[in-house]
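Chain by chain, the residues:
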Amino acid sequence: MRPVPPSPSGQPLLIGARIRSARQGQGLTLAQVADATGLTKGFLSRLERDDTSPSVATLVQLCQVLSIEVGSLFAEPPIQRIQLSQAPRINLGGTKLDERLISPRSESRVQMIRSSMQPGATGGEGFYTISCEVEVLHVISGSVTVKFVGREIVLETGDSLTFPGREPHNWVADAETGAEVAWVVVPASWSGAG
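The sections below set out a description of the structure shown in this document. (Residues numbered from 1 in each chain as written. Predicted model: local features only at pLDDT ≥ 70, side-chain atom pairs only at ≥ 80, totals over all residues. Heavy atoms only, no water.)

1. Looking at the environment of Arg23
Mapped onto the elements of the fold, Arg23 is located in helix H1 (residues 16–25). In this structure, the C-alpha to C-alpha distance between Arg23 and Val65, residues 42 residues apart in sequence, is 9.2 Å. Not counting residues within four places of it along the chain, the set of residues in contact with Arg23 comprises Leu28, Thr29, Leu30, Val33, Glu48 and Leu66. (Helix = DSSP H or I, 4+ residues; strand = E, 2+ residues; numbered from the N terminus. Contact = heavy atoms within 4.5 Å.)

Pasting the structure below:
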């Protein structure tokens, strides 16, 4: 018995947004790409809106001008969903809190941690640093005070604070309300893999 080849899905391949993103990412205008490829601005504009489909030869030429691989236009992006209830618990040394890693363990570019802080929760004793370039703290609810050497900043619901992770700091949640916060660390300072 001969295998039956797959039939076309009938769904158009939507690649226009990826082409537009590649063009804009390089700071190129439609006119510049049109000049480099010999295609019209109108055709390129329709292509970026997925109103038309290019021939294979046109697509190869366009990808060469944009310095992207043809296959990248059709590849599924690496999207990972993590449900809070399924996120692994971690402990970075604080007290009276539940911390969960809500970014993929394998992600090294950025790390996101969700912390449920009981009233009076702290980051531990004394100041600490994190091996990262940037830390962002966003208060989802409640209040938290971030302490730096010689300075304290009170953050309320909706507030965010961005600072160098290598700056000595600590924090304490409000003694009555506690806090629910999200930490973003760039690049990821700790790998939970393994």
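2. Here we look at the packing of helix H2 (residues 30–37) against helix H3 (residues 41–48)
The N-to-C vectors of H2 and H3 enclose an angle of 115 degrees; their axes lie 9 Å apart at closest approach. For the element pair H2 / H3, the angle class is roughly perpendicular. By crossing handedness, the relation of H2 to H3 is classed as right-handed. Residues Leu30, Ala31, Val33 and Ala34 of H2 pack against Lys41, Leu44, Ser45 and Glu48 of H3. (Axes fitted to C-alpha atoms, helices over the stretch in contact; angles between N-to-C directions. Parallel < 35°, antiparallel > 145°, perpendicular 65-115°, else oblique. Left-handed = near helix turned anticlockwise from the far one by under 90°.)

3. Things to note about the packing of aromatic side chains
With the rule as written, the count across this model stands at two aromatic pairs. For the pair Phe148 and Phe163, a centre-to-centre distance of 5.2 Å together with 80 degrees between the ring planes defines the contact as edge-to-face. Here the residue Phe148 occupies a position in strand S4 (residues 134–148), and Phe163 occupies one in strand S6 (residues 160–163), the gap between them amounting to 15 residues. By relative accessible area, which is 11% here, Phe148 ends up buried. The class for Phe163 is buried, based on a relative accessible area of 7%. Relative to Trp183, the ring of Trp171 has its centre 6.4 Å away and its plane inclined at 50 degrees; by these criteria the two rings are tilted. A residue pair is termed long-range when its members are at least 10 positions apart, and Trp171 in strand S7 (residues 169–173) and Trp183 in strand S8 (residues 179–186) qualify at twelve residues. Across the pair, exposure class does not vary: Trp171 and Trp183 are buried alike. (Phe/Tyr/Trp six-rings, centres within 6.5 Å; stacked < 30°, edge-to-face > 60°. Buried < 20%, exposed > 50% of the residue type's maximum accessible area, 1.4 Å probe, protein only.)

4. So, the pattern of salt bridges
Under the defined criterion, the tally for this structure stands at eight salt bridges. The closest approach of N and O atoms between Arg89 and Asp98, which form a salt bridge, is 2.9 Å. Take Arg89: its relative accessible area is 57%, and that puts it in the exposed class. Look at Asp98 and you get partly exposed, because its relative accessible area is 24%. Linking Arg166 and Glu133 is a salt bridge whose minimum nitrogen-to-oxygen distance equals 2.9 Å. (Salt bridge = Lys/Arg side-chain N within 4 Å of Asp/Glu carboxyl O.)

5. A closer look at the nonpolar core
Met117, Leu137, Val144, Leu155, Leu161, Val181 and Trp183 are the most contacted members of the largest nonpolar core, which totals 19 residues. Looking at this core, the elements that each hand over two or more residues are strand S3 (111–122), S4, strand S5 (151–156), S6, S7 and S8. The greatest single-element share of this core, amounting to five residues, is contributed by S4. Other than its neighbours up to four places away in sequence, Val144 contacts Met117, Leu137, Val139, Ile153, Val154, Leu155, Trp171, Val172, Ala173, Asp174, Ala179 and Val181. Counting residues in each nonpolar core, the second largest holds 14 residues, with Ala34, Leu59, Leu62 and Leu66 among its members. (Core = buried A, V, L, I, M, F, W, Y, C linked by side-chain atoms within 4.5 Å.)

6. A short note on H2
Turning to H2, its buried residues are Val33, Ala34 and Thr37. Here the buried residues of H2 occupy an arc of 105 degrees about the axis, which is enough to place them on one side. Following H2 by one or two positions, Gly38 adopts a phi angle in the positive range, close to 80 degrees. (Arc of directions from axis to C-beta.)

7. What about the pairing of S8?
Across the eight residues that make up S8, a large majority, six, are buried. Bridge count for S3 against S8 is seven bridges, and the pairing is antiparallel. Within S8, the residue paired with Ile113 across the bridge is Trp183. Inspection of the sheet shows S4 paired to S8 by eight bridges, in the antiparallel sense. Each residue of the ladder has a partner; that of His138, found in S8, is Ala182. (Pairing = 2+ DSSP bridges.)

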